[in-house]
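# Per-entry structural report
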Amino acid sequence: MGFTCGIVGLPNVGKSTLFNALTATIAAQAENYPFCTIEPNVGRIAVPDPRLDQIAVLAKSAKIVPTQIDFADIAGLVRGASTGEGLGNQFLGHIREMDAVAHVVRCFEDDNITHVEGRIDPISDIETIDTELMLADLESLERRSDALVKKARGNDKEATATLAIVEKVIEALRDGKPARSVGSQFEDQALFNGLQLLTAKPVMYVCNVGEEDAATGNAYSEQVAARAAEEGAVAVVISAAIEAEIAQLTDQEERAEFLESIGLEETGLSQILAAGYQLLGLITYLTAGPTESRAWTITAGMKAPQAAAVIHTDFERGFICAEIIAFDDYISCNGEVGAKEAGKMRQEGRDYVVKDGDIILFRFNV
């Protein structure tokens, strides 16, 4: 389990260039004209986690299996997309399948790359995309509303509860607010999530700046950061052009030297992954042994049996206990045997809330 992230934005903001760099592929065309992407290209990437490499050495693991994330490059939306303009509604549907949305915003000037609106204005660009997504959600909910009203009159309890949510969200959308602005108000989150609303998706803004602004950002990216802060969203500053260069460097030392030479501490990929985990409230636990060391992504706050189910449902069904070693203890004690001898391995039951970096051995019986 990782998460899926849809890369969206207006045409020619750098979505496909970023996708290519993140997935280190050339699967998506990166051309200087709108709609060069006509199907959502999907790339699966391993999530870098230095902790996994460290425990694999101590456990003498035959292989390392990181957790993975799927990125989808979704074609550029334009004003009127909700009514079929450009490539229209078919791409809005692709966004519904994502866990989170990376909204790439053009924060660079380049006369050689056309802007679909004819000017550089990141806040206006954000509002264009938001408006189209809100209009699509509004149309979807208004279509459902009549059927829900009829069922509610027939004393259908689920329809009554759903209708109350739909009416509240419609009110927000008509006020120009996304569904996520009211989502936390609903007691039944399953009903709200079941509506599959585009504007309910958590959003990170990816400010695509020129190479010279990659380390510091610029006035455009500052505008986006302020907008994100107002919304309770997150914003990261990257240069898709630089990410494309980094993608060509296969040697880790070369990458580190290149980043240092341009004043960067980490790649754009690392920033986007961190933002994604923050947005979705995700953490990682680890398993280690001679066969493999592996990372598993779960929702923060998940208890041990549910975390075990990510490996296999039998682990939850027959859960007995979880043997836990904190990452720092695993390293300082030179692995599992040393941790046991030092009394750093402990048994936890069904109510244990898994922590980021826990190294776990599940005991179960089915």
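Residues numbered from 1 in each chain as written. Predicted model: local features only at pLDDT ≥ 70, side-chain atom pairs only at ≥ 80, totals over all residues. Heavy atoms only, no water.

Moving on: the overall build of the protein. Along its length, the protein carries 15 helices and 12 strands. The 366 residues of the protein split such that 49% are buried. A sequence separation of at least 24 residues applies to 69% of the contacts in the protein between residues at least 6 apart. In the form shown here, the protein has an accessible surface area of approximately 17700 Å², with 48% of it arising from carbon and sulfur atoms. (Helix = DSSP H or I, 4+ residues; strand = E, 2+ residues; numbered from the N terminus. Buried < 20%, exposed > 50% of the residue type's maximum accessible area, 1.4 Å probe, protein only. Contact = heavy atoms within 4.5 Å. Areas by Shrake-Rupley, 256 points an atom, 1.4 Å probe, with all protein chains shown as cover.)

Before going further, it helps to examine the packing of aromatic side chains. Tallied over the entire structure, the rule returns five aromatic pairs. Note on Tyr285 and Phe362: the rings are 5.9 Å apart at their centroids and 85° apart in plane angle, and the pair reads as edge-to-face. Here the residue Tyr285 occupies a position in strand E8 (residues 282–287), and Phe362 occupies one in strand E12 (residues 359–364), the gap between them amounting to 77 residues. For the residue pair Tyr285 and Phe362, the accessibility class agrees, reading buried in each case. (Phe/Tyr/Trp six-rings, centres within 6.5 Å; stacked < 30°, edge-to-face > 60°.)

Let us look at the pairing of strand E5 (residues 100–106). Of all seven residues in E5, seven are buried; the element is thus mostly enclosed. Covered by surrounding structure in E5 are Ala100, Ala102, Val104 and Arg106 together with Val101, His103 and Val105, the residues of both alternating faces. Pairing of E5 with strand E6 (residues 203–208), which is carried by six bridges, proceeds in the parallel orientation. Each bridged residue has a counterpart across the sheet, and for Val104 the counterpart in E6 is Val206. (Pairing = 2+ DSSP bridges.)

Even without being a glycine, Asn12 presents a positive backbone phi close to 65°. In this fold, Asn12 is placed in the loop between strand E1 (4–8) and helix H1 (15–23). Classification of Asn12 by relative accessible area gives buried; the value is 12%. A positive phi angle, close to 65°, is found at Asn334, a residue other than glycine. Mapped onto the fold, Asn334 is located in the loop between helix H14 (327–332) and helix H15 (336–341).

In the contact formed by H1 and helix H9 (residues 240–247), the axes pass within 8 Å of each other and the chain directions differ by 30°. By the criterion of interaxial angle, the relationship of H1 to H9 is roughly parallel. Crossing of H1 against H9: the hand is left-handed. Contact with H1, carried on its side by Thr17, Leu18 and Ala21, involves Ala240, Glu243, Ala244 and Ala247 of H9 and no other residues of that element. By residue class, the composition of the contact of H1 with H9 is five nonpolar, one polar and one charged. (Axes fitted to C-alpha atoms, helices over the stretch in contact; angles between N-to-C directions. Parallel < 35°, antiparallel > 145°, perpendicular 65-115°, else oblique. Left-handed = near helix turned anticlockwise from the far one by under 90°. Nonpolar A, V, L, I, M, F, W, Y, C, P; charged D, E, K, R; others polar.)

The pairing of strands in a sheet happens through backbone hydrogen bonds and is either parallel or antiparallel. On the basis of which strands lie adjacent, the open sheet formed by six strands has the order E2-E4-E1-E5-E6-E7 and mixed pairing. Only two strands of the sheet have a single neighbouring strand rather than two, namely strand E2 (41–46) and strand E7 (234–238). In this sheet, adjacent strand axes meet at a mean angle of 25° when their direction is disregarded. Across the face of the sheet, helix H4 (residues 122–153) comes into contact with E5 and E6 while running at roughly 140° to E5.

Attention now moves to the nonpolar core. Among the nonpolar cores identified, the biggest contains 47 residues, and Leu18, Ile69, Phe71, Met204, Tyr205, Val206 and Ile272 are the most heavily contacted of them. Among the nonpolar cores identified, the runner-up in size contains 20 residues, and Leu138, Val169, Ala172 and Phe192 belong to it. (Core = buried A, V, L, I, M, F, W, Y, C linked by side-chain atoms within 4.5 Å.)

Moving on, we get to the environment of Ser124. Relative to the helices and strands, Ser124 resides in helix H4. Ser124 sits in the buried class, given a relative accessible area of 17%. For Ser124 and Val105, which are 19 residues apart along the polypeptide, the C-alpha to C-alpha distance reads 10.0 Å.

For the coordinates displayed, the defined rule picks out zero disulfides. The structure places no disulfide on Cys207, whose sulfur is separated from the nearest cysteine sulfur, that of Cys107, by 4.3 Å. (Disulfide = S-S within 2.5 Å.)

Tallying each qualifying case throughout the model produces 16 salt bridges. Of the charged contacts in the structure, one is a salt bridge between Asp137 and Arg96, with a shortest N-O distance of 3.8 Å. Of the two residues, Asp137 is situated in helix H4 and Arg96 in helix H3 (residues 89–96); the sequence distance between them amounts to 41 residues. In this structure, the salt-bridge partner of Arg227 is Glu231, at a minimum N-O distance of 2.7 Å. On the criterion of helical spacing, the pair formed by Arg227 and Glu231 is a turn pair, its members being four residues apart in helix H8 (residues 219–231). Here Arg227 falls in the buried class, since its relative accessible area comes to 17%. Look at the salt bridges and you will find they share partners, linking Glu127, Asp130, Arg227 and Glu231 into a network. (Salt bridge = Lys/Arg side-chain N within 4 Å of Asp/Glu carboxyl O.)

Turning to the packing of H4 against H8, a few remarks are in order. Relative to each other, H4 and H8 sit at 45°, their axes nearing to 9 Å. With respect to H8, the element H4 is oriented oblique. Two secondary-structure elements touch here, H4 through Pro122, Ile123, Ile126, Glu127 and Asp130 and H8 through Tyr220, Gln223, Val224, Arg227 and Glu231. Of the residues in the contact of H4 with H8, the class split is five nonpolar, one polar and four charged.

By themselves these figures say nothing about function.
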